[in-house]
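Per-entry structural report
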Amino acid sequence: QRCVVLRFLKFPPNQNKTSEEILHHLQNIVDFGKHVMKQFFGENYVHHGEIIQLPLDFVRQLCLKVQPERPESRCDKDMDTLSGYAMCLPNLTRLQTYRFVEHRPILCIEIKPKCGFIPFSSHVSQEIKHKVCRYCMHQHLKVANGKWKRPSKYCPLDLFSGNKQRMHFALKSLLQEAQNNLKIFKNGELIYGCKDDQDCVSDWNELARHLKPFFFPSNGLVSGPHCTRTIIKELIHVITMTLLSSTDACRAGDMKTVPISQGRSYCEASAFNKELVRNGKHKLESSGLPRGCLLYKTLQAQMLDMLDIEGLYPLYSRVEQYLEEFPEERSTLQIDGPYNEAFYEKLLDLSTEDDGTVAFALTKVQQYRIAMTAKDCSIMIALSPCLQDECSEQRPVVLTSKSRFTFSVSVLDLDLKPYSSIPHQHKLDGKIVNYYLKNVQAKDDPVMSNLFKENDDCTLVLHKV
């Protein structure tokens, strides 16, 4: 009866947790959203939810109902049906700012923007990391591993540039190859986006059919490819405008900002950038993001990763060594919570001068975990058509050529990344970079490919194995 979402914890089948442990885990998630992420993103964007207890019989029935709907790749974990605890959150596919009549049609776009900057740390050992963004490099490894059939042309740096032309290109690329970075819901039902890892055939005509009543309420637009293109263009325009919007009520806390000018503002592997270079232009305009908008705040939180995983890993090892000697200190250091105001205060130290202490190492490790969380969060944009006389000044409104929408923007997937995942991140970073250098850059490098072209006279020798 209420428009809410229930969220349950999931665990590998052999991992039995007590009800107390589950309650503690959920409390940590709520506290982290409330005391830490709200400070970064602002009051209106973060919905931390509350913990509720449900009858076990209801939970078991729910689990049976949900199981067939779960993607196969997610079924390696089981839903917690023993504790009865769950998180109750607002349904972000609905409008959050104003509670109006539920029968209005509502469109919601979910975007996982990923990491929007190139490492500027002096600890980076491979020059390529200063030129090509992590997302673009990782695409090639994912295709090679069979996770996706094709690499996406989306580059996060284009979306975070604040330049409308680059943002439009990024959003169009996301719509072409959504992978798990874009989903579209209509009245809470998924109508566009990937259902499994392998293939994501984007049917723009089908999407346009769903969207037409939103963007062209009177039937003045003929059908066909031109109509589809026009509707997609309107959608991209609306997403861009809402992402760049900022409401003063959502001011973030007293976070000192990391200067965004550090590092370059474009990625050499971006399809947009390659197109410019092909046309003889080398200058990429970066208009910068309005300070109050959610993309700006997301980027600020991401840039707490000031040392890159290469600079951070030795500091993680320092903390680990200390914990081996003094395991009882783990709770004092707040590695597994509680995520309260004191935890947040420690994150405000942006110095990068290593004084050799465990305190310095721990601060950088915790800042890195926050950055990782911000790199993996999702932005939800809910849109509802409104008539001119309904749109009062208090409501944020975005206009298109034939309609107007009130909207709300929220951020979700803000669970703190586990401390224990840092070694995995370090290993993965090496894998991504090495694969890219071996298999992608060698092909793209004109010097390398000319070497192969010049030596046409080759002998192929076959050895018996």
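See the structure above.
Just so it is clear, the structure is predicted and the values come from calculations on it, not from any experiment.

Rules used in this analysis
- Residues numbered from 1 in each chain as written.
- Predicted model: local features only at pLDDT ≥ 70, side-chain atom pairs only at ≥ 80, totals over all residues.
- Heavy atoms only, no water.
- Helix = DSSP H or I, 4+ residues; strand = E, 2+ residues; numbered from the N terminus.
- Buried < 20%, exposed > 50% of the residue type's maximum accessible area, 1.4 Å probe, protein only.
- Contact = heavy atoms within 4.5 Å.
- Areas by Shrake-Rupley, 256 points an atom, 1.4 Å probe, with all protein chains shown as cover.
- Salt bridge = Lys/Arg side-chain N within 4 Å of Asp/Glu carboxyl O.
- Pairing = 2+ DSSP bridges.
- Polar contact = N/O pair within 3.5 Å; in protein donor to acceptor, adjacent residues only side chain to side chain.
- Axes fitted to C-alpha atoms, helices over the stretch in contact; angles between N-to-C directions.
- Parallel < 35°, antiparallel > 145°, perpendicular 65-115°, else oblique.
- Left-handed = near helix turned anticlockwise from the far one by under 90°.
- 1 Å grid on protein atoms, 1.4 Å probe; cavity = no way out; pocket = protein on both sides within 12 Å on 5 of 7 lines; lining within 4 Å.
- Points joined across faces, edges and corners; volume = space filled by probe spheres on them.
- Nonpolar A, V, L, I, M, F, W, Y, C, P; charged D, E, K, R; others polar.
- Expected span 1.5 Å × (residues − 1).
- Core = buried A, V, L, I, M, F, W, Y, C linked by side-chain atoms within 4.5 Å.
- Domains from an automatic or database assignment.

Broken down by element type, the chain carries 14 helices and 11 strands. Looking at the chain residue by residue over its 465 residues, the buried ones come to 46%. Sequence-distant contacts, at least 24 apart, represent 75% of the contacts inside the chain between residues at least 6 apart. Accessible surface computed for the chain: about 24,400 Å², of which carbon and sulfur atoms make up 52%.

Looking now at the pattern of salt bridges. The tally for this structure, following the rule as stated, stands at 16 salt bridges. The shortest N-O distance in the salt bridge between lysine 129 and aspartate 429 comes to 2.7 Å. Taken as a pair, lysine 129 in the loop between β6 (107-111) and α3 (134-144) and aspartate 429 in helix α13 (residues 422-444) lie far apart in primary sequence, 300 residues in all. For aspartate 429, a relative accessible area of 7% gives the class buried. One network of salt bridges, with partners in common, ties together Lys129, Arg134, Asp308, Glu310 and Asp429.

Looking now at the pairing of strand β9 (residues 378-385). In terms of residue burial, β9 counts as a mostly covered element, since 7 of its 8 residues are buried. In this sheet, β9 lies alongside β6 in antiparallel orientation, the contact comprising 5 bridges. By the bridge assignment, isoleucine 111 is partnered in β9 with isoleucine 379.

So, on to the side chain of threonine 240. Of note, threonine 240 is situated in helix α7 (residues 225-244). A polar contact of 3.5 Å, which involves the side chain of threonine 240, links it to the side chain of histidine 168.

This part is about the side chain of glutamine 139. Here glutamine 139 shows up in helix α3. Within the structure, glutamine 139 has its side chain in polar contact with the backbone nitrogen of serine 152 (distance 2.7 Å).

Moving on, we come to the packing of helix α10 (residues 308-325) against helix α12 (residues 358-375). Between α10 and α12, the least distance of the axes is 9 Å, while the angle of their chain directions is 125°. Relative to α12, the element α10 lies oblique. Helix-helix and strand crossings are classified by hand; for α10 and α12 the assignment is left-handed. Here Ile309, Leu312, Leu315, Tyr316, Arg318, Val319 and Tyr322 of α10 lie close against α12, whose contacting residues are Val358, Phe360, Ala361, Leu362, Lys364, Val365 and Tyr368.

For the rest of this paragraph, the subject is empty space enclosed by the protein. Taken as a whole, this structure holds 1 cavity of 30 Å³ or more when the rule is applied. Considering only enclosed or pocket space, the largest cavity measures out at about 30 Å³ in volume. Lining the largest cavity are Leu304, Asp305, Met306, Leu307, Leu312, Lys364 and Tyr368. Along the lines of polarity and charge, the residues of the lining of the largest cavity split into 5 nonpolar, no polar and 2 charged.

Turning next to helix α5 (residues 164-176). When the terminal C-alpha atoms of α5 are compared, their 18 Å separation across 13 residues agrees well with the 18 Å that a helix rising 1.5 Å per residue should span. When we look at burial in α5, the residues that qualify are Arg166, Met167, Ala170, Leu171, Ser173, Leu174 and Leu175. With a side-chain oxygen lying 2.9 Å from the backbone nitrogen of glutamine 165, the N-terminal cap of α5 falls on asparagine 163.

Bringing the sheet that holds strand β5 (residues 85-90) into the picture now. The 3 strands lie next to each other as β1-β5-β3, forming an open sheet whose pairing is antiparallel. With partners counted over all chains shown, the strands left at the sheet margins are β1 (4-7) and β3 (50-53), one partner each. Within the sheet, the average angular offset between the axes of one strand and its neighbour, ignoring direction, is 40°. Relative to β5, β1 runs antiparallel, the two sharing 4 bridges. The residue bridging arginine 7 from the neighbouring strand is methionine 87, located in β5. Packed onto the sheet, helix α1 (residues 19-41) meets β1, β3 and β5 and runs at close to 20° relative to β5.

Next up on the list: the nonpolar core. Ranked by internal contacts, the top residues of the largest apolar core, which has 88 residues, are Val36, Phe40, Phe41, Leu175, Ile184, Phe215 and Ile370. The dominant element in this core, judged by the number of residues it contributes, is α7, at 9 residues. Two domains share this core, each providing at least three of its residues, namely domain 1 (1-90) and domain 2 (92-454). Counting residues in hydrophobic clusters, the runner-up holds 17 residues, among them Leu312, Leu362, Tyr368 and Ile422.

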